[in-house]
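Analysis of the macromolecular model
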Amino acid sequence: MKNIAIADLLFPDINKDIEFYEKMYPPRKLKEGAKVTRIAPSPTGFIHLGILYGAIIDERLAHQSDGVFMLRIEDTDSKREVEGAVGLINSTMRFFGIEFDEGAVEKGDKGEYGPYRQRQRRDIYRTFAKYLVANGYAYPCFCTESDLDKMRDRQKQLKENFGYYGKWAIHRDLSYDEVVKQLEQKQTFVIRLRSVGSPSNTIQARDEIRGILSMPENNQDMVLLKSDGIPTYHFAHVIDDHLMRTTHVVRAEEWLPTWPVHLELFSFFGWDTPKFCHTAQLMKMDNGSKRKLSKRKDPELSLEYYRSQGYLPEAVWEYLMTILNSNFEPWRLANGNKDLKEFEFTTAKMSNSGALFDLVKLNGISKQVIAQMSGERVYDLLSAWAKRYDPEFYQTISAEKDKTIAILSIGRNKKKPRKDIYCWSQGKEFIKFVYDKYYLQEDEYPISIQADDIQSILKSYLEMYRHCDQKETWFEKIKLLTHKLGYAVRVKDYKQIPNKYRGNITDVTTVIRLAITGRSNSPDLWAIQQLLGEKAVHKRISQAIR
Ligand code: GLU
């Protein structure tokens, strides 16, 4: 009776009961085995790689099983909220090929289990908190910040565990009259869990990735509702995932320590728990040791990085799948170009130790994906990226579309296509020498070649160059020139008797390549000359002659 009276005192305006919400959000009518998952980011404007990492797991689990994938916005901390963040989360996820079946959209919600923004669910949480208070599972705590600070100091002195529990939980058993008195004095209150656990007891719970875990029971009277009626993560998670009928909670391993709190709450309500998948931290190698990716040090932690650098979403997926499921790579080897959604993703094949994220590997996979595309397709994607992130370059490639497709097409459409490009910003760097406005001598002539020789090579080349020559003829002429200038036509000959020659044919072609492209490495030189045109070839060589 006392608890019911206190609950009414604390929540006089709450006139619905938890049954009302149970009916409002009934169990979903889905086929057997269908999974319901969600991501629950905070709208801070910073969307990190971990969100995509989790979202891929959620998306696969849900859509592989004809289930439902939701976007829930955890906006309980209004100070960290950034305007437009929900739109940004949606558009970023869409860019990465992730579609939600339900959830918060830029303006409003989509789906029957909303609202999907936690601040709009205030009365739902308060109804469930009222139920807990009425049933003795929670209570109001009127302690002020300074009360809690003092308690902490005292705990420190006595070398006792920090927190609000056991004998330290001084408002645990306030009488009805004491609660009335506090309220009359206009004291604000939070609602705390009345934990029944003891850390000397062990509970076991099954994690879908890690197997059965043993953990100490919770004994902390955690805050469930803050003084403004807004829930903490712990409470919101339990209420929302129950009412949204989530079957699988995929979240970062940072939530493992408070998992017993969540399990205790589920048990107080008498609800089935969803299945839990606590994912490993994304780590990177730094000077030989593993460390967490850091917002300050690692731009690649932000999803905007991949977008602005012009990474292909499918390559990022492909790479993340290799980290997520140990059997993905063998599957890919056996299944060539199949859509990765045909791969059966399972939580059992996930690693539970820190997942190592390696940009170099991502770049390798991206190169492979891009190498399979036609020059036209590469042009379209490069151009779409440039339009948004590099308008000047967009103008350039639009004005010289044929030339751009030509340079992008060199070395494609063969068994072992060239793998030069892994993202569009780097792709720009790779091809920009073909446009006069960007042409620049980036590499130095090899020091092994004397300055006079460089000049003779270039002069002779300019004389012999005929733009209409086919590749074979052109190369025969290079060989003649090489021989004439005292360089070895066959590298082998040069290696045998180096003193006999001034160098070998690769020195000669490097000099020519450098003059024409500004670089010592480039795709096929003859093809480049053809797409640059006779005038440009003459101009670049002439410019290099002093
Ligand atoms: N907002 C929480 C986080 O970003 C969500 C955790 C969860 O998925 O339950 O860590």
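The following paragraphs examine the structure supplied in this document.

Thresholds, definitions, all that
- Residues numbered from 1 in each chain as written.
- Predicted model: local features only at pLDDT ≥ 70, side-chain atom pairs only at ≥ 80, totals over all residues.
- Heavy atoms only, no water.
- Pairing = 2+ DSSP bridges.
- Helix = DSSP H or I, 4+ residues; strand = E, 2+ residues; numbered from the N terminus.
- Buried < 20%, exposed > 50% of the residue type's maximum accessible area, 1.4 Å probe, protein only.
- Contact = heavy atoms within 4.5 Å.
- Salt bridge = Lys/Arg side-chain N within 4 Å of Asp/Glu carboxyl O.
- Phe/Tyr/Trp six-rings, centres within 6.5 Å; stacked < 30°, edge-to-face > 60°.
- Lys NZ or Arg CZ within 6 Å of the ring centre and 35° of its normal.

Thoughts on the sheet that holds strand 12 (residues 282–286)
With respect to topology, three strands assemble into an open sheet ordered 13-12-14, the strand pairing being mixed. Two strands close off the open sheet at either side, each with one partner strand: strand 13 (289–292) and strand 14 (355–356). Sheet analysis places strand 12 next to strand 14, joined by two bridges and oriented parallel. What sits directly across from Met283, in strand 14, is Leu356.

Thoughts on the side chain of Thr92
Assignment of secondary structure puts Thr92 in helix 4 (residues 85–95). Take Thr92: its relative accessible area is 3%, and that puts it in the buried class. Contact partners of Thr92, with chain neighbours within four places excluded, come to Ile47, Leu303 and Arg307.

Quick word on the pattern of salt bridges
Where charged atoms from two side chains of opposite charge come close, those side chains can pair. Overall, the coordinates contain 39 salt bridges when judged by the stated rule. Here Glu22 makes a salt bridge to Arg245, at a shortest N to O gap of 2.8 Å. Note that Glu22 is positioned in helix 2 (residues 18–24) and Arg245 in the loop between helix 8 (233–243) and strand 10 (248–252), a separation of 223 residues in sequence. The residues Glu22 and Arg245 share a single accessibility class, namely buried. The shortest N-O distance in the salt bridge between Asp173 and Arg194 comes to 3.9 Å. Here Asp173 is found in the loop between helix 6 (145–157) and helix 7 (176–184), whereas its partner Arg194 is found in the loop between strand 6 (190–193) and strand 7 (202–207), with 21 residues between them in sequence. Given a relative accessible area of 15%, Arg194 falls into the buried group. A network of salt bridges, in which partner residues are shared, links Arg38, Arg72, Glu74, Arg121, Asp240 and Asp241.

Digging into helix 17 (residues 424–431)
Counted residue by residue, helix 17 has seven buried out of eight residues, so it is predominantly covered. Residues of helix 17 that are buried include every one of Trp424, Ser425, Gln426, Gly427, Lys428, Phe430 and Ile431, and no others. On the buried face of helix 17, the contacting elements are helix 10 (303–309), helix 13 (359–371), helix 14 (375–389), helix 15 (391–399) and helix 16 (401–409).

A short note on the packing of aromatic side chains
Overall, the coordinates contain 30 aromatic pairs when judged by the stated rule. A centroid spacing of 6.5 Å and a plane angle of 50° characterise the contact between Tyr125 and Phe235, whose relative ring orientation is tilted. Highlighted residues: Tyr125 in helix 5 (residues 122–134) and Phe235 in helix 8, separated in sequence by 110 residues. Note on Tyr125: relative accessible area 0%, which makes it buried. Judged by relative accessible area, Phe235 falls into the buried class, the value being 0%. An angle of 65° between the planes, with centres 5.5 Å apart, marks the rings of Tyr306 and Tyr311 as edge-to-face. Residue class for Tyr306 comes out buried when judged on its relative accessible area of 0%. On the basis of relative accessible area, Tyr311 is assigned to the buried category, the value being 3%. Taken together, the ring pairs connect Phe20, Tyr21, Phe128, Tyr131, Phe266, Phe269 and Trp271 into an aromatic cluster. Positioned over the ring face of Phe162 is Arg152, at 4.0 Å from the centre of the ring. Sitting over the face of the ring of Trp317, Lys341 holds its NZ or CZ atom 5.3 Å from the ring centroid.

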